[in-house]
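Structural overview for review
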Amino acid sequence: MAGTLLSLEGKVALITAFLAAGIQGLTIVDLSSSALSELHSSLPEAEQERVITVVANVASEDDTIHYVAKTVEAFGQLDISVQSFLGLKHSAKAMLASPSGGKGCSIVLVASQLGLDGAPLITPYVASKFAVRGMVASASQELGEFGIRVNCIAPGPVETPLAGKPEEIAQGILFLGSPASSLSTGTTLKMDAGWSRNEPPPFVVRPGDTPFRTAERYWKRATDLSGAFDANRIVWDEDGAGTDGRTRGVWRSEKSGRQVVCWKVRLGDLGATGMGQSRWKGKAKEEEEDYGIVVTAVPGLVFLPSILPPTLQRSLTRESLRHSKLPNLTSLSAHYDLPPEGLWAAWEAGRGDEIVPRNDIGKEQPGMPRQRVDFDPVTNENWKDVMGRGEALLKQFAETAKKVVVPVVEGGLDKGVSVDTLLSRIRWTNVGWHYDWASKSYAYERGQVPVPPLIYECCSAAVATIPWDLVFDPEESVPEEERVWKNWAKDYKAEAGVINFVRLVFSRSRVVDIG
C-alpha cells in the first residue's frame, strides 16, 4: 500500500491504526493548519516521514484535486482513500491512472448507523447518510470491473462502552481498506454493538413542532422515566481518578440499554467563594469533595449534584419567590393583576385569602399563538450577525397578529383567584433579561432587571469552581488563544435566567428538565 488519503475527522485513532498496519505513506487533510501541524509533530519522529499533511476543504473540488495530486506526487500512487463524495470521485481517477489500473485499490466512505435505521428530528442529517450508502452502492458497481472496491462504514455513538471507542471504529475502516476485506464491495459495515436495536425512537413528531417541543410533550406524558438521565445511575470506575484528576463513569438507560460516558471532575473550594461548606452549615467538607459531572453526549454540559447545602437551597427558594414580582415577569403575569409586592410577600403578610383579579377578561389583545421559529444557534462566530433578529420577528408578529378578545365565561375563576391558590400555580419567573417565548429571543427593549443577589453569587461561584479545561479540552489540544473559557472564573456575570418552581404534588414526569 503506497499511499493512503484520509481526513483529520478520523482522529488520531485512525491515523495510528494505519501506521501500525505498516502503511508506506499517509496523507492527512484538514481545514486547520495548526491542527495538522500539531498532529504531525505529535507522531514519533520515525513515522513523521511517512505522513504528509495538506490544508484543504474537502467540500471544494479544486482542493480535492490538489490533495489527491499531492498524495500521488509524494508516494507514487494512491491505494486506499477514506473520503467524502468529491474525494471518491477524484481518488477513483487517480487509482485508475496508476500502473495497476486500480486493481487492489479501496475507497471507504463514512456514514452513520442513522443512515441505516433513521431517527426523528434530524431528517436532513439522516438523509445525507442514506445518500452516502447510495453512492457506495453505485460507485462499487461502476468501479468493480477495474478492481477498485468501494465500501462504507456506519458507526454508532462512540466513546460509550456499548458502542465502542474511536480506535475500534478505526479498525473497521482499516479492515475495509485492506486486502483482508477483498471480497467486500458495495457493502455497509455497521459498527454500533447493537445500540440501534436497543434504542427505538421514543418521540412522536408532530408537523411544525420544534425538537424542544416534541421532547417536552413526551416527557410531560411519560410514565416511565427509566430513559431519563439520572446521576444516581452512573457507575464510576473503581480505579478512581486518573492522572488528569478525572474519574470515568458510565450512565446506562434502564429502558433501552443506551450508555453514555461521563466524567467526574473535582470542583474548586466552594468555601473560598463564600458559598460552600465553610460558610453554610449542614454539609461536611471532610465527607467528600464537591464534584461536577461532565456529560459527553452534550458538549459543555456540566451537572452539579447537590453542591449547595440545604440551608442555602432554602434561602435560594425564598429569594426566588420574593423576586417573583414586577419588573420580573412570571407565568401568571399575563393573566392576573398580581400584587405589586409579589404573591409571596402578600402571603407572608397574612393576605392569603385576598382575591387577585384577572387582567385579560374582555380585553382586546393581539393574538400571538405559539409559532415555530427556526433560528440558527448563537455561536462565538455569529453572535454579532444575529443581534436584533428577535426584535424584527416581534415586529412582524405585531403587524400580522389578529386581534382577539378573551371571552367572559361564567364562573368564579374568571373573576379572580386567591393569593394562596395562585402562589401554588407559579410555574416560572424570569430574572435578568426577559426571554420572549414567542420569538425565541430576549426582549431587550424591556431593559435588564438585576439578577437577585444570592442567585447571582451562587452562579458566579459555581462557574468559578468548575475546571473548564477538563470539560472542553482534557487532551490539552486547543491553542491557548482559542481557550475562550480561561477567563470565565473572573469575567462571568449572571445576566438572565428562568427559575422553575416544582410543587410536591407534581408527578415525577413533570419535573424532568428539558435542555
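Residues numbered from 1 in each chain as written. Predicted model: local features only at pLDDT ≥ 70, side-chain atom pairs only at ≥ 80, totals over all residues. Heavy atoms only, no water.

**So, the pattern of salt bridges**
This is how it is decided: We define a salt bridge as a side-chain nitrogen of Lys or Arg found within 4 Å of a carboxyl oxygen belonging to Asp or Glu.
Inspection of the entire model under this criterion finds twelve salt bridges. Of the charged contacts, one joins Asp-230 and Arg-233 as a salt bridge, the two residues approaching to 3.8 Å between their closest N and O atoms. Through salt bridges that share partners, Glu-341, Arg-351 and Glu-354 make up one connected network.

**Quick notes on helix α7 (residues 123-143)**
What counts here: For helices the rule is a DSSP run of H or I covering at least 4 residues; for strands it is a run of E covering at least 2, with both sets numbered from the N terminus onward. Take the residue count of a helix, subtract one, and multiply by 1.5 Å to get its expected span. Residue exposure (1.4 Å probe, protein chains only): buried if accessible area is under 20% of the type maximum, exposed if over 50%, otherwise partly exposed. Relevant arc is that of directions from the helix axis to the C-beta atoms, nothing else. Here, residues are in contact when the closest pair of their heavy atoms is within 4.5 Å.
The terminal C-alpha atoms of α7 lie 30 Å apart, and with 21 residues this matches the ideal 30 Å at 1.5 Å per residue to within 8%. Residues of α7 that are buried: Val-126, Lys-129, Val-132, Val-136, Ala-139, Ser-140 and Leu-143. Across the axial projection of α7, the buried residues extend over an arc of 155°, all falling on one side. Structural note: α7 exposes Thr-123, Pro-124, Gln-141 and Glu-142 on the side pointing more than 90 degrees away from its buried face. On its buried side, α7 packs onto α5 (85-96), β5 (106-110), α6 (114-117) and β6 (149-155).

**Describing the packing of aromatic side chains**
Selection criterion: Any pair of Phe, Tyr and Trp rings, taking the six-membered ring for Trp, is counted once the centres come within 6.5 Å. Such a pair is stacked with planes under 30 degrees apart, edge-to-face with planes over 60 apart, and tilted for the rest. Either the NZ atom of lysine or the CZ atom of arginine qualifies as a charge over a ring when it sits within 6 Å of the ring centre and within 35 degrees of the ring normal.
Under the criterion given, the structure shown has five aromatic pairs. Ring geometry for Trp-468 against Trp-488: centres 5.0 Å apart, planes inclined by 80°, an arrangement best described as edge-to-face. Separated by 20 residues along the polypeptide, Trp-468 in helix α18 (residues 468-472) and Trp-488 in helix α19 (residues 488-491) bring together distant segments of the chain. We classify Trp-488 as partly exposed; its relative accessible area is 31%. A cation over a ring is seen here: Lys-264 above Trp-236, with NZ or CZ 4.8 Å from the ring centre. In this structure, Arg-358 packs its charged tip against the face of Tyr-336, placed 5.2 Å from the ring centre.

**Quick word on the nonpolar core**
This is how it is decided: Here the nonpolar core consists of buried residues drawn from Ala, Val, Leu, Ile, Met, Phe, Trp, Tyr and Cys, with membership extended through side-chain atoms lying within 4.5 Å.
Among the nonpolar cores identified, the biggest contains 35 residues, and Leu-316, Leu-343, Leu-422 and Trp-468 are the most heavily contacted of them. Listing elements by their share of this core, those giving two or more residues are β10 (259-266), α12 (310-322), α13 (343-348), α16 (419-423), α17 (453-465) and α18. It is α17 that provides the largest number of residues to this core, a total of four residues. With residues up to four places along the chain from it excluded, the contact list for Leu-422 reads Leu-332, Tyr-336, Leu-338, Leu-343, Val-356 and Val-417.

**Concerning the sheet that holds strand β11 (residues 291-295)**
Short version of the rule: A pair of strands is considered paired only if DSSP assigns at least 2 bridges between the two.
With respect to topology, five strands assemble into an open sheet ordered β8-β9-β10-β11-β12, the strand pairing being antiparallel. Single-partner strands in this sheet number two, and they are β8 (234-236) and β12 (302-303). The pairing of strand β9 (residues 246-252) with β10 spans seven bridges and is classified as antiparallel. Opposite Val-250, over in β10, you have Val-261 as the bridge partner.

**A look at the side chain of Glu-319**
Let me state the cut-off plainly: Charge counting follows a simple rule: Lys and Arg are positive, Asp and Glu are negative, and His as well as the terminal groups are ignored.
Here Glu-319 shows up in helix α12. One buried charged residue, Glu-319, forms no salt bridge at all, with the nearest opposite charge on Arg-322 at 7.5 Å. Leave out the neighbours within four places in its chain, and Glu-319 touches Pro-452, Pro-453, Leu-454 and Ile-455.

**Observations regarding the pairing of β6**
Of all seven residues making up β6, seven are buried, and the element is well covered by its neighbours. Two strands pair when backbone bridges link them, and β6 and strand β7 (residues 188-191) are joined in this way by four bridges, in the parallel orientation. Residue pairing across strands places Ile-153 opposite Leu-189, the latter belonging to β7.

**A word on the packing of α12 against α17**
Short version of the rule: Only the contacting stretch of a helix is used when fitting its axis, a line to C-alpha atoms as for every element, and angles between N-to-C directions run 0 to 180 degrees. To sort the angles, those under 35 degrees are grouped as roughly parallel, those over 145 as roughly antiparallel, those from 65 to 115 as roughly perpendicular, and the leftovers as oblique. The classification used treats Ala, Val, Leu, Ile, Met, Phe, Trp, Tyr, Cys and Pro as nonpolar, Asp, Glu, Lys and Arg as charged, and all other residues, Gly among them, as polar.
Taken N-terminus to C-terminus, the directions of α12 and α17 make an angle of 130°; their axes are 9 Å apart at the nearest point. In terms of orientation, α12 and α17 fall into the oblique class. In contact with Leu-312, Ser-315, Leu-316, Glu-319 and Ser-320 of α12, α17 contributes Pro-453, Leu-454, Ile-455 and Cys-458. Tallied by class, the residues present in the contact of α12 with α17 amount to six nonpolar, two polar and one charged.

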